[in-house]
Amino acid sequence: MKITSDKIPDRKDDLLGRKEFAAEISNALIAYSKKNTDGITISITGEWGSGKSTLLHYLKNHLKEKGNKDSTKIIEFNPWIFYKEGNIKEAFLIHFALALKDFKT
């Protein structure tokens, strides 16, 4: 059995162009947030192994680099940790509230 890691590829190894796509999404989110005060939700879906985690990694890094550090808060939530407990919504809301507890804009 061969076990591989979820190592995020370097730019030169990003054969599917996920880094550029993440930069486009990030730039669109930053531009949106400059003109709007309401929230926005995006969804990244795809087959297992299609590059969702890689895209999220690049997106998070780009937002950290280019986003407004005073008004950008990245909150990571992994629902797989809670799926057996049956109340993912409650776990998410608690995680979300705790993450925003000391955040000031």
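Presented here is an overview of the structure given in this document. Worth saying up front: this structure is predicted, and the values here are computed from it rather than measured.

**Overview of the overall build of the protein chain**
Okay, so step 1: Check the secondary structure of the protein chain and you find three helices and zero strands.
Okay, so step 2: Its helices and strands taken in sequence order, the protein chain reads α-α-α from the N to the C terminus.
Okay, so step 3: Across the 105 residues that make up the protein chain, the buried fraction comes to 15%.
Okay, so step 4: Carbon and sulfur atoms form 55% of the exposed surface of the protein chain, whose accessible area is close to 9,000 Å².

**Quick word on the nonpolar core**
Nonpolar side chains tend toward joint burial in soluble globular proteins.
Okay, so step 1: One finds Ala 22, Ile 25, Leu 29, Ile 30, Leu 55, Tyr 58, Leu 59 and Leu 63 forming the largest nonpolar core, which totals eight residues.
Okay, so step 2: Elements with a minimum of two residues in this core: α1 (18-35) and α2 (52-66).
Okay, so step 3: Contact partners of Leu 29, with chain neighbours within four places excluded, come to Ile 40, Ile 42 and Leu 63.

**Topic: the environment of Lys 64**
Okay, so step 1: Looking at the secondary structure, you find Lys 64 in helix α2.
Okay, so step 2: The spatial distance from the C-alpha of Lys 64 to the C-alpha of Ile 74 is 8.3 Å, given a sequence separation of ten residues.

**Some details on α2**
Okay, so step 1: Over its 15 residues, α2 extends 21 Å from the first C-alpha to the last, a length consistent with the 21 Å expected when each residue adds 1.5 Å.
Okay, so step 2: When we look at burial in α2, the residues that qualify are Thr 54, Leu 55, Tyr 58, Leu 59, His 62 and Leu 63. End-on view of α2: buried residues confined to an arc of 160°, all on one side of the axis.
Okay, so step 3: Summarising the contacts, the buried residues of α2 are in contact with α1.

**Considering the environment of Ala 99**
Okay, so step 1: Along the chain, Ala 99 falls in helix α3 (residues 88-100).
Okay, so step 2: Classification of Ala 99 as partly exposed rests on a relative accessible area of 23%.
Okay, so step 3: Separated by 26 residues in the primary sequence, Ala 99 and Lys 73 place their C-alpha atoms 8.7 Å from one another.
Okay, so step 4: Residue contacts for Ala 99: discarding those within four places in its chain leaves Lys 73 and Ile 75.

**Thoughts on a nonpolar patch on the surface**
Okay, so step 1: Side chains of Phe 92, Leu 93, Phe 96 and Leu 100 sit close together on the surface and give an oily, nonpolar patch of about 330 Å² of accessible area.
Okay, so step 2: The topology assignment puts Leu 93 in helix α3.

**Re the pattern of salt bridges**
Two side chains that carry opposite charge are able to pair once their charged atoms sit near each other.
Okay, so step 1: This model, assessed by the stated rule, comprises one salt bridge.
Okay, so step 2: A salt bridge links Lys 60 to Glu 76, with the nearest nitrogen and oxygen atoms 3.1 Å apart. Note that Lys 60 is positioned in helix α2 and Glu 76 in the loop between α2 and α3, a separation of 16 residues in sequence.
Okay, so step 3: Taking the relative accessible area as the measure of exposure, Glu 76 reaches 53% and is therefore exposed.

About the thresholds
- Residues numbered from 1 in each chain as written.
- Predicted model: local features only at pLDDT ≥ 70, side-chain atom pairs only at ≥ 80, totals over all residues.
- Heavy atoms only, no water.
- Helix = DSSP H or I, 4+ residues; strand = E, 2+ residues; numbered from the N terminus.
- Buried < 20%, exposed > 50% of the residue type's maximum accessible area, 1.4 Å probe, protein only.
- Areas by Shrake-Rupley, 256 points an atom, 1.4 Å probe, with all protein chains shown as cover.
- Core = buried A, V, L, I, M, F, W, Y, C linked by side-chain atoms within 4.5 Å.
- Contact = heavy atoms within 4.5 Å.
- Expected span 1.5 Å × (residues − 1).
- Arc of directions from axis to C-beta.
- Patch = residues over 30% accessible without salt bridge, like charges linked within 9 Å, V, L, I, M, F, W, Y side chains within 5 Å.
- Salt bridge = Lys/Arg side-chain N within 4 Å of Asp/Glu carboxyl O.

By themselves, these observations are geometric and do not establish any function.
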